[in-house]
Amino acid sequence: MRATLNTALILVISLSLPATSRANAVETIAEGFEQPWSVAFLPEGGYLVTELPGRLRHVAADGTVSAPIAGVPDVYFKSQGGLFDVVLHPNFAENRTLYLTYAGGSPHDNGTAITRAEWRGGEALINPTEIFRVSRRKDTPVHYGGRLAFLPDGTMLLTTGDGFSYRHESQEITSQLGKTLRMNDDGSAAAGNPFPEAPYVWSYGHRNPQGLTVTATGEVYLNEHGPQGGDELNRITPGANYGWPAICYCLDYTGGYVTPYTEWEGMEQPEHYWRPSIAPSGLAEMNGNFYNGALVDQEVRRLNVDASGKVISQDALFTEVAARVRDVRQGPDGWLYFTVEGDNGRLLRARVE
């Protein structure tokens, strides 16, 4: 057991404050969205965009935005709850299968869920079927996680939050709160997960993971929110414990300590942490660096990584957008795409070096 001094919890982050980096001009692909949460790239061109209140829209290559696509499951839209990710099956060009994550249920019985459906370019999803819902229901409208990504072996990872009032369950293996969950593309538990007593759990000790990316070499990274400070970028390995709420570089919303510890034997250290918080959301890896949506700072925050994999500096990008950046993705054209919230939600793109 090792604890840092309490004074460490009020120091500035280990890296210098971010420089505002020059980047190419931001282009607007489409606008007029209400709280756009996620974007997926269609192989024939164009996009699918989710809106938190529960709508899925098609965006044509020329930026034309469709009416809401029918067949989206009912979502629990309150506070942070709603429709989250849209992710295409790796064989989407052949099977036209997609996945939606969302908050499902009611005020007193809700949880992160996944629906699978086909979409063949029409006005409605085909055969939408809920294939998974977190088994630990909750009565809070916050901390859902809700990011989904496919691994190279064809299985899926889902992030789940701690539900805010249930943070202790992040450390309980048999609870599906505060975890990454690995499953097959039909929603069943994948073989080879590390905990026989919890067949879906891949990693644990998470608070509210809102960004998830799988690199070209198959490495998994996620970013997650701390309370006051303690936002993290983590490299995820199966079976690992990422510490929440036993360790944290943070304070609670009350101003008190969540924990006096920032390190503990058997718990992973983040690749990077932010203090004060930036409220990281979407996450993309490009050219070895990490691009994080920053809801509080209203920018894209780039973490620059050296040849050894260590984060050595950070840059604030696209500050002129002046809006909460929710999703961040690398497009098939090599551009960086991101969604922003506000009175006029937008899908944007820019070239980055």
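Description of the structure in this document.

Criteria and thresholds
- Residues numbered from 1 in each chain as written.
- Predicted model: local features only at pLDDT ≥ 70, side-chain atom pairs only at ≥ 80, totals over all residues.
- Heavy atoms only, no water.
- Helix = DSSP H or I, 4+ residues; strand = E, 2+ residues; numbered from the N terminus.
- Rg over C-alpha atoms; globule rule 2.2 N^0.38 Å.
- Buried < 20%, exposed > 50% of the residue type's maximum accessible area, 1.4 Å probe, protein only.
- Contact = heavy atoms within 4.5 Å.
- Areas by Shrake-Rupley, 256 points an atom, 1.4 Å probe, with all protein chains shown as cover.
- Lys, Arg positive; Asp, Glu negative; His and termini not counted.
- Charge placed at Lys NZ, Arg CZ, Asp CG, Glu CD.
- Salt bridge = Lys/Arg side-chain N within 4 Å of Asp/Glu carboxyl O.
- Core = buried A, V, L, I, M, F, W, Y, C linked by side-chain atoms within 4.5 Å.
- 1 Å grid on protein atoms, 1.4 Å probe; cavity = no way out; pocket = protein on both sides within 12 Å on 5 of 7 lines; lining within 4 Å.
- Points joined across faces, edges and corners; volume = space filled by probe spheres on them.
- Nonpolar A, V, L, I, M, F, W, Y, C, P; charged D, E, K, R; others polar.
- Pairing = 2+ DSSP bridges.
- Axes fitted to C-alpha atoms, helices over the stretch in contact; angles between N-to-C directions.

## A look at the overall build of the protein
Alright, step 1. Looking only at helices and strands, the protein features one helix and 24 strands.
Alright, step 2. Taken against the 2.2 N^0.38 rule, which gives 20 Å for 353 residues, the C-alpha radius of gyration of the protein at 19 Å falls within 12% of a compact globule.
Alright, step 3. Among the 353 residues that make up the protein, the fraction classed as buried is 57%.
Alright, step 4. In the protein, of all internal contacts separated by at least 6 residues, the share reaching a separation of at least 24 is 55%.
Alright, step 5. Looking at the protein as shown, the accessible area adds up to about 14,200 Å², and 49% of this sits on carbon and sulfur atoms.
Alright, step 6. Put simply, the protein has 28 plus and 41 minus side-chain charges, and the middle of one group is 2 Å from the middle of the other.

## Overview of the pattern of salt bridges
Alright, step 1. Enumeration according to the criterion identifies 22 salt bridges in this entry.
Alright, step 2. Between Glu169 and Arg136 there is a salt bridge whose closest N-O contact spans 2.8 Å. Separated by 33 residues along the polypeptide, Glu169 in the loop between β11 (156–159) and β12 (179–183) and Arg136 in the loop between β9 (126–133) and β10 (148–150) bring together distant segments of the chain.
Alright, step 3. With a relative accessible area of 6%, Glu169 lands in the buried category.
Alright, step 4. For Arg136, a relative accessible area of 28% gives the class partly exposed.
Alright, step 5. Put simply, Glu34, Glu51, Arg55 and Arg57 are held in one network by salt bridges that share partners.

## Observations concerning the nonpolar core
Alright, step 1. Of all hydrophobic cores here, the largest spans 20 residues; its most connected members are Ile114, Phe132, Met156 and Met183.
Alright, step 2. Where this core is concerned, the elements lending two or more residues are β9, β10, β11, β12 and β13 (201–204).
Alright, step 3. Excluding anything up to four places from it in sequence, Phe132 contacts Thr112, Ala113, Ile114, Leu158, Gln176, Leu181, Met183, Gly187 and Tyr200.

## Examining the layout of surface pockets
Alright, step 1. Its volume calculated, the largest pocket comes out at about 650 Å³.
Alright, step 2. Every residue lining the largest pocket is counted, 23 residues in all, and those nearest its centre are Phe41, Val87, Val214, Arg329 and Gln330.
Alright, step 3. Secondary-structure elements contributing two or more residues to the lining of the largest pocket are β3 (36–41), β6 (83–88), β10, β14 (209–214), β18 (280–286) and β22 (325–330).
Alright, step 4. Along the lines of polarity and charge, the residues of the lining of the largest pocket split into 17 nonpolar, four polar and two charged.
Alright, step 5. Its boundaries defined by the atoms lining it, the second largest pocket holds a volume of some 360 Å³.
Alright, step 6. The wall of the second largest pocket is formed by 26 residues, among which Gln80, Asn208, His225, Leu295 and Arg324 lie closest to the centre.
Alright, step 7. Residues belonging to the lining of the second largest pocket are distributed by class as follows: eleven nonpolar, ten polar and five charged.

## Brief notes about the sheet that holds strand β7 (residues 97–106)
Alright, step 1. Taking strand neighbours across the sheet as the criterion, the four strands line up as β6-β7-β8-β9 in an open arrangement whose pairing is antiparallel. Of all strands in the sheet, those bounded by a partner on one side alone are β6 and β9. Adjacent strand axes in the sheet meet at a mean angle of 25° when their direction is disregarded.
Alright, step 2. By the bridge criterion, ten bridges tie β7 to strand β8 (residues 109–118) in an arrangement that is antiparallel. Its bridge partner lying in β8, Ser106 is registered against Asp109.

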